[in-house]
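Report on the structure
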Amino acid sequence: MTNTDSEIRPYRVEVPQAELDDLRDRLRRTRWAPEIPGTGWERGVPTGYLKDLAAYWADGFDWRAQEAALNAYPQFTTTIDGADVHFLHARSAIADATPLMLLHGWPGSIVEFLDLIGPLTDPVAYGGQASDAFDVVVPSLPGYGFSGPLPDTGWTDGRTAAALTELMSRLGYDRYGVQGGDVGALIGPLMGRTAPDNVIGVHVNGLLTFPTGDPSVLAALTEKEKERLAGMKRWQEELGAYMQLQGTRPQTLAAALHDSPAGQLAWIVEKFKEWTSPDAKLPEDAVDRDRILTNVSVYWFTGTSGSAAHTYYERFNDPSMWAPKERGTAPTAAAVFPTDFSVRSLAEKIHNVVRWSEFDRGGHFAALETPDLLLADLRAFFGEVTD
């Protein structure tokens, strides 16, 4: 890895007023797509719902308040392997706190973790013990959010994992934990493989596990595990179109999302409907509406919708992604929520699974939907691996 600039630079989120005005103007001038009467979410985001949400984004949502919430935590950027990497770094006041990196996924951002930073860094104030304290590092993945668009091709998950282990090294952390969901559940374990002597343990949610085709393995699955594999099949057939498009023609998609905030909103809010708790009728029934819009705003203001999509292209075209791997050695914990497809016996073939927790509420965006459950599982796991 080539590092041309190892300086760590302070950073603040400061969106120019002209960009806020431009967003509102674009939203108010949206050319809304007609929809077929009697249809709903099964065909995508209904225009009526999208119009209401866009109107609130333009005239009710307070970006400056959300910007202040982000700026309440120290933020920095540094250049690693030619790319800018933005990160939030919140240190605990408790001595010997465990360093912990939190990794978002797509269509996420550092916004996912705002409800966890306080309880992680100041556990006593949130019902925990001093021994539960963490120094928290939350990067914007290269190509996402405040890290900005990617400078070149080749940003595979392995390259991202190497960059993030370098980030922890620059911060002086020799031993640390990693937590990640969605794409973060791919990169976190790779960090454990990249820096096995440095990573204490890896905690993941939304872990993908794939059938091997071995009849004996499939025969040993429980009914619940068979249901999860059936759910994965449905996801591939009905819900995976976004991945195919981002993984094959990201630049075509970028032309639409970079120009239309309503299009960007639809592209992301659809996932907050499909991937959140099955009990939620609307996205905001699972995740606070302002949090959803803050997350969408991050993609809009940073112009990284296309750049993030290109990371899927890299994943699709990375031979090492699909090549057989030796089983990882980093102690690994999996938190499984109702919309996840994770199967323990399949996970154990490639990960050193030492903790497996299944929950009956929540969904794919665990840090946003059920931060209490995720926090308790994080504390328990890292309490075990750091004893």
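Residues numbered from 1 in each chain as written. Predicted model: local features only at pLDDT ≥ 70, side-chain atom pairs only at ≥ 80, totals over all residues. Heavy atoms only, no water.

The chain appears in an unreviewed UniProt entry as Epoxide hydrolase family protein from Actinomadura adrarensis.

What the chain contains, in helices and strands, is 18 helices and nine strands. In terms of overall dimensions, the chain is globule-like: its C-alpha atoms have a radius of gyration of 20 Å, near the 21 Å expected for 387 residues. When its C-alpha atoms are laid out on the principal axes, the chain stretches across 55 × 50 × 45 Å. By the burial criterion, 56% of the 387 residues in the chain qualify as buried. Contacts in the chain between residues at least 24 apart in sequence constitute 75% of all its contacts with a sequence separation of at least 6. Just so you have it, the chain exposes about 16,600 Å², and 50% of that area is on carbon and sulfur atoms. (Helix = DSSP H or I, 4+ residues; strand = E, 2+ residues; numbered from the N terminus. Rg over C-alpha atoms; globule rule 2.2 N^0.38 Å. Buried < 20%, exposed > 50% of the residue type's maximum accessible area, 1.4 Å probe, protein only. Contact = heavy atoms within 4.5 Å. Areas by Shrake-Rupley, 256 points an atom, 1.4 Å probe, with all protein chains shown as cover.)

On to the environment of E270, then. Position of E270 among the secondary structure elements: in helix α11 (residues 261-274). C-alpha separation for the pair E270 and L221, spaced 49 residues apart in sequence, amounts to 31 Å. With near-sequence residues (within four places) excluded, E270 lies in contact with W41, G44 and V45.

This part is about empty space enclosed by the protein. Counting across every chain of the model gives four cavities of 30 Å³ or more. Of the voids in this model, the largest cavity is the one considered here, and its volume is about 90 Å³. Around the largest cavity, the lining is made up of 15 residues, and of these E112, G181, N205, H364 and F365 lie nearest the centre. Only β6 (176-181) and α17 (366-369) provide two or more residues apiece to the lining of the largest cavity. Here the lining of the largest cavity gets three residues from one element, more than from any other, and that element is β6. For the lining of the largest cavity, the residue count by class is seven nonpolar, six polar and two charged. (1 Å grid on protein atoms, 1.4 Å probe; cavity = no way out; pocket = protein on both sides within 12 Å on 5 of 7 lines; lining within 4 Å. Points joined across faces, edges and corners; volume = space filled by probe spheres on them. Nonpolar A, V, L, I, M, F, W, Y, C, P; charged D, E, K, R; others polar.)

Here the focus is the side chain of S357. Mapping S357 onto the fold places it in strand β9 (residues 352-358). One polar contact links S357 to D377, side chain to side chain, over a distance of 2.7 Å. Beyond its immediate sequence surroundings of up to four residues, S357 is in contact with A334, A335, V336 and D377. (Polar contact = N/O pair within 3.5 Å; in protein donor to acceptor, adjacent residues only side chain to side chain.)

The subject of this paragraph is the sheet that holds β6. Taken together, the nine strands give an open sheet; going across it, the order is β1-β2-β3-β5-β4-β6-β7-β8-β9, and neighbouring strands pair in mixed fashion. Across the chains shown, the open sheet's two edge strands, defined by having one partner strand only, are β1 (9-11) and β9. Mean inter-strand twist for the sheet, computed between neighbouring axes without regard to direction, equals 25°. The pairing of strand β7 (residues 199-205) with strand β8 (residues 331-336) spans four bridges and is parallel. Bridge pairing in β8 links H203 to A333. This element, helix α4 (residues 114-121), spans β3 (83-90), β4 (98-103) and β5 (134-139) of the sheet and lies at about 155° to β5. (Pairing = 2+ DSSP bridges. Axes fitted to C-alpha atoms, helices over the stretch in contact; angles between N-to-C directions.)

Attention shifts here to the UniProt feature "domain: Epoxide hydrolase N-terminal" (unreviewed entry) in the chain. Summarizing the sequence annotation, UniProt attributes the feature "domain: Epoxide hydrolase N-terminal" (unreviewed entry) to residues 8-113 in the numbering used throughout. Within residues 8-113, the helical portion is 32% and the strand portion 22%, while the C-alpha atoms at the span's ends are 22 Å from each other. (UniProt positions renumbered as here; feature names shortened; annotations may be inferred.)

Its volume calculated, the second largest pocket comes out at about 250 Å³. What lines the second largest pocket is a set of 17 residues, among which A33, P34, E35, V45 and T47 lie closest to the centre. Counting only elements with at least two residues in the lining of the second largest pocket, the list comes to α2 (47-59) and α11. Of the residues in the lining of the second largest pocket, the class split is eight nonpolar, six polar and three charged.

Core analysis: the largest hydrophobic core is formed by 106 residues, its most contacted members being W57, W63, W106, L120, L164, L167 and M191. A total of seven residues in this core trace back to one element, the largest contributor, which is helix α13 (residues 289-302). Excluding its chain neighbours within four sequence positions, the residues that come into contact with L120 are L100, L102, D132, A133, F134, V136, L375 and L378. Within the second largest apolar cluster, five residues are counted, among which are V217, L221, V343 and L346. (Core = buried A, V, L, I, M, F, W, Y, C linked by side-chain atoms within 4.5 Å.)

Once that is clear, we can look at helix α8 (residues 223-239). Taking 1.5 Å of rise per residue, the 17 residues of α8 would be expected to cover 24 Å, and the 23 Å separating its terminal C-alpha atoms lies within 8% of that figure. When we look at burial in α8, the residues that qualify are E225, R228, L229, M232, W235 and L239. Burial along α8 is one-sided: seen end-on, the buried residues are contained in an arc of 140°. When the buried face of α8 is taken as reference, the exposed residues oriented beyond 90 degrees from it are E223, E227, E237 and E238. (Expected span 1.5 Å × (residues − 1). Arc of directions from axis to C-beta.)

All chains considered together, the criterion is met by 25 salt bridges. A salt bridge links R228 to E358; its shortest N-O distance comes to 2.9 Å. With R228 in helix α8 and E358 in strand β9, this residue pair connects regions lying 130 residues apart in the sequence. The class for E358 is partly exposed, based on a relative accessible area of 38%. One salt bridge connects R361 with D372, and the closest N-O pair in it is separated by 2.5 Å. Separated by eleven residues along the polypeptide, R361 in the loop between β9 and α17 and D372 in helix α18 (residues 371-386) bring together distant segments of the chain. The exposure class assigned to R361 is partly exposed, which follows from its relative accessible area of 38%. Residue classification places D372 among the partly exposed residues on the basis of a relative accessible area of 41%. (Salt bridge = Lys/Arg side-chain N within 4 Å of Asp/Glu carboxyl O.)

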